[in-house]
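Working through the structure, step by step
Chain by chain, the residues run as shown.
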Amino acid sequence: MAGAAAPKRQDTRKFFENLSGAGKSIAVLTSGGDAQGMNAAVRAVVRMGIYVGAKVYFIHEGYQGMVDGGDNIKEATWESVSSMLQVGGTVIGSARCKEFRTHEGRLKAAHNLVLRSITNLCVIGGDGSLTGANLFREEWSSLLDELQQQGLIDAEAARSNSELHIVGMVGSIDNDFCGTDMTIGTDSALHRIIEVVDAIMTTAQSHQRTFVLEVMGRHCGYLALVSALACGADWVFIPEMPPEDGWEDNMCQKLSENRADKKRLNIIIVAEGAIDCHNKAITPDYIKDLVVRCLGFDTRVTILGHVQRGGTPSAFDRILASRMGVEAVLALLEASANTPACVVSLVGNQAVRLPLMECVQMTQEVQKAMDEKKFDDAVRLRGRSFENNLSTYRLLSYRKADSELPNSSFNVAVLNVGAPAAGMNAAVRSAVRVGITEGHKMFAVNDGFEGFYKGQIKEIKWGDVGGWTGQGGSLLGTKRTLPGKHLDKIAEQMRIHNINALLVIGGFEAYVGLLELSSARDKYSELCVPMVMVPATVSNNIPGSDLSIGSDTALNAITDTCDRIKQSASGTKRRVFIIETMGGYCGYLATVGGLAAGADTVYIYEEPFDIRDLQANVEHLTQKMKTSIQRGLVLRNENCNENFTTDFVYQLYTEEGRGVFDCRKNILGHMQQGGAPSPFDRNFGTKVAAKAIQWITQTLKDSYKGGRVFANSEETACLLGMRRRALVFQPVSQLRDETDFVHRIPKEQWWLKLRPLMKILAKYKTSYDVSDSGQLEHVARLRPKETKTSSAI
């Protein structure tokens, strides 16, 4: 892989080279319901396990295969997990197993593991599967005693296999497991739901129809809630938020108001476990009959069912599962007799380890709270991600009458700056509606700062942003123009329209633009207003934020294309594809896209490489062609090196690979910016913009003195970014030192830590810093109140 590993500094970092798996055997199984991304997790466990020198086994058909033994437990090879990254479901099979619930079944399973010296188990499944694994671990020593008494194993086998270590990964499309923000499969299920909703919207609009959609989630409303946010549904029913008595009249009133507002369709989303406040099920058919009876609207029901479990995993799920799989192997290598069974989780943007039974107990507490009708407690126990989705939905869901709105007498302008990014429109819609709910007059600026100084500013109302969430690009229009040369005219427009606050949604130009505006406050009093920026760019190159709106959609575009390319390569055999991605000088799309697509090599600007590295990469691919995997995928970031262009790399590989493999090249170009936004980008854009407007409201109140707004401290010109586990407001002036302005990238980038992981999965020897992982944390039950500047996502 391009670029030698970074030299080890003498500091607190610890590397995993000293964590050897030699002499250890790891088994991986998938259990319970299948979920897209399980295969990516299996692949990561197998390859990381083999990489550290352990023997790795597949257990086919879940716990049933462990009980039955025989050919169900097979040693895995590096090649045996090739081509499974993009496959949905689970290649090694899953099954519900009644026998494992009995003592006899677990005794058989223990015997089958001891026969192969397997004492490390990686279980990918839901809370039932993980609870079963924990019970198995607790009984392990007594099971070995029993096997010894029956003469099935000898004393030496019992001694050498005396400890069983278990690490869990949660695979569940419902996202119903406490302790992790996202479970493997949830994002892909949202993709399926949103594809269907987008398709239904076009037919519903043609006929002025109402559609009632039932999505999965017997005990958890996450899928229904997030898909309602992501498509701007009129109403959502989830188990955690049963509607009050009289909801039927309220819902029908809202639907008829929307029709009167010229809205040609209504979407109602129902979780399969939806109930009312008397614990009575709310079914799609009941809602349909209600709408037809009360309103006479043409209404249809669509039940998505197992479609949500199917299809290829999204880029997010592949990356999540790959990170979790590698982390799970590290956890097994570090496990000792007194470490509890743990589960690998995602909190914000960080992989963490949590005690398995703490998570299971908290998941059971949610159900108990629901049974006792303590729904607020259930929502809180679900975690911050769920809570924030619900509060954002409540903010956006219901349009109050003008007489009910507070009148803030503040004018807030929204603009898009930089290149278009999918999800910008969802952010604008959210900002406009939350702003109106808070009593502000909202103004839309067309064509970024260029439109601003030309006076392309007009008031934007609630109904103007209807249906915006699913639209790609920027409906307001966006330009790369910076405000610096036009400050006089911008200040004049601020004065003419009496703009009291600015929300800028965009990329690097938006960040530089905000710096220019805040620096000019001394000269122009009109600029002494609260300003906040929300990062939206496919390149994900904004300092102060781990993620930007639009980059997830771009990653999915790259991953889809790579899947198709790999398919064509597997038909021709011995073919290597060189693919160029966008990103300017930022290697995020290339690196993370490479991880999601299973690339062999990724060239980026941040990790310099020379001709020797290129030569080594060609040699690596030549060796690979001798195995059963006869295809290669090389990603190159567009600005990674001015001399080693895509053409140069293509020609070099063609020449050096002659007689062994042939080459093709593909420049993905602007297709990475286009298309409908992914569910993640719609949801992220909606939540972040809502939070930005709430910050504006508070800052306006704090800076309103003597009949006018005056804000000139550095805290009043902020960037709202995701930092590790939380959304944080940071003064743009403080981010200046973190920025490489020449190359338009942050000086430090979190995703560079994913590069060694990608190299390991492509069979390169590398150094991997694991100081971030390894600490077992505890599940937070009661959380402290969030500060004004920081909150969880």
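Residues numbered from 1 in each chain as written. Predicted model: local features only at pLDDT ≥ 70, side-chain atom pairs only at ≥ 80, totals over all residues. Heavy atoms only, no water.

Looking at the UniProt feature "binding site: ATP" (unreviewed entry) in the protein
UniProt records the feature "binding site: ATP" (unreviewed entry) at Gly33, Arg96, Cys97, Gly126, Asp127, Gly128 and Ser129, using the numbering of this structure. For the annotated residues, spread through 97 residues, the largest C-alpha to C-alpha distance comes to 14.3 Å, consistent with a single compact locus. Those annotated residues from the list above that line the largest pocket are Gly33, Arg96, Cys97, Gly126, Asp127, Gly128 and Ser129. The contacts of cysteine 97, once residues within four sequence positions are left out, are Tyr63, Gln64 and Val67. Mapping aspartate 127 onto the fold places it in helix α4 (residues 127-149). When its relative accessible area of 30% is taken as the criterion, aspartate 127 is described as partly exposed. (UniProt positions renumbered as here; feature names shortened; annotations may be inferred. 1 Å grid on protein atoms, 1.4 Å probe; cavity = no way out; pocket = protein on both sides within 12 Å on 5 of 7 lines; lining within 4 Å. Contact = heavy atoms within 4.5 Å. Helix = DSSP H or I, 4+ residues; strand = E, 2+ residues; numbered from the N terminus. Buried < 20%, exposed > 50% of the residue type's maximum accessible area, 1.4 Å probe, protein only.)

So, the pairing of strand β8 (residues 266-271)
Of all 6 residues in β8, 6 are buried, a share of seventy percent or more. Where burial is concerned, the two faces of β8 agree: the one with Asn266, Ile268 and Val270 and the one with Ile267, Ile269 and Ala271 are both buried. In this structure, strand β7 (residues 235-237) lies alongside β8, joined through 3 bridges in parallel fashion. In the strand pairing of β8, phenylalanine 237 is matched with valine 270. (Pairing = 2+ DSSP bridges.)

Observations concerning helix α11 (residues 356-371)
Look at α11: 23 Å from first C-alpha to last across 16 residues, which is about the 22 Å you get at 1.5 Å a residue. Among the residues of α11, Leu356, Cys359, Val360, Met362, Thr363, Val366, Ala369 and Met370 are the ones counted as buried. Positive phi appears at lysine 373, one or two residues downstream of α11, with a value of about 65 degrees. (Expected span 1.5 Å × (residues − 1).)

Quick look at the pattern of salt bridges
Scanning the model with the defined rule gives 30 salt bridges in all. Residues arginine 300 and aspartate 298 are paired through a salt bridge, measuring 2.6 Å at the closest nitrogen-oxygen approach. In this structure arginine 300 comes out as partly exposed when scored by relative accessible area, which is 34%. With relative accessibility at 29%, the residue aspartate 298 sits in the partly exposed group. Across the pair glutamate 607 and lysine 759 runs a salt bridge, and its minimum N-O distance is 2.8 Å. With a gap of 152 residues between them, glutamate 607 in the loop between β19 (601-603) and α20 (611-624) and lysine 759 in helix α24 (residues 754-761) connect regions that are remote in the sequence. When its relative accessible area of 15% is taken as the criterion, glutamate 607 is described as buried. Where salt bridges share partners, they join Arg209, Asp298 and Arg300 into one cluster. (Salt bridge = Lys/Arg side-chain N within 4 Å of Asp/Glu carboxyl O.)

Topic: the domain arrangement of the protein
Taken domain by domain, the protein holds domain 1 (19-183 + 313-367), domain 2 (187-308), domain 3 (402-549 + 677-745) and domain 4 (552-673). Each of domain 1 and domain 4 has a C-alpha centre, and these two points are 33 Å apart. If you look at the interface, domain 1 gives 13 residues, while domain 4 gives 15 residues. Interface of domain 1 and domain 4: buried area, both sides summed, is about 1,100 Å²; carbon and sulfur atoms make up 57% of it. The three residues of domain 1 that bury the most area against domain 4 are Glu79, Arg318 and Ile319, which together make up 39% of that side's buried surface. Joining domain 1 to domain 4, the criterion identifies 1 salt bridge. Run the count over domain 1 and domain 4 and you get 4 residue pairs in polar contact (both at pLDDT 80 or more). With 5 residues, the single largest contributor to the side of domain 1 that touches domain 4 is helix α10 (residues 315-334). Grouping the constituent residues of the side of domain 1 that touches domain 4 by class yields 4 nonpolar, 5 polar and 4 charged. (Domains from an automatic or database assignment. Buried area = accessible area lost by both parts, 1.4 Å probe. Polar contact = N/O pair within 3.5 Å; in protein donor to acceptor, adjacent residues only side chain to side chain. Nonpolar A, V, L, I, M, F, W, Y, C, P; charged D, E, K, R; others polar.)

Examining the layout of surface pockets
There is about 930 Å³ of room inside the largest pocket. Arg96, Gly126, Asp127, Gly128 and Ser129 are the residues nearest the centre of the largest pocket, which is lined by 36 residues in total. Of all the secondary structure elements, the ones that give two or more residues to the lining of the largest pocket are α4 and α11. The dominant element in the lining of the largest pocket, judged by the number of residues it contributes, is α4, at 6 residues. Looking at the lining of the largest pocket, its residues break down into 8 nonpolar, 16 polar and 12 charged. Counting contributing residues per domain, the lining of the largest pocket is built from domain 1 (19-183 + 313-367) and domain 2 (187-308), each supplying no fewer than three. (Points joined across faces, edges and corners; volume = space filled by probe spheres on them.)

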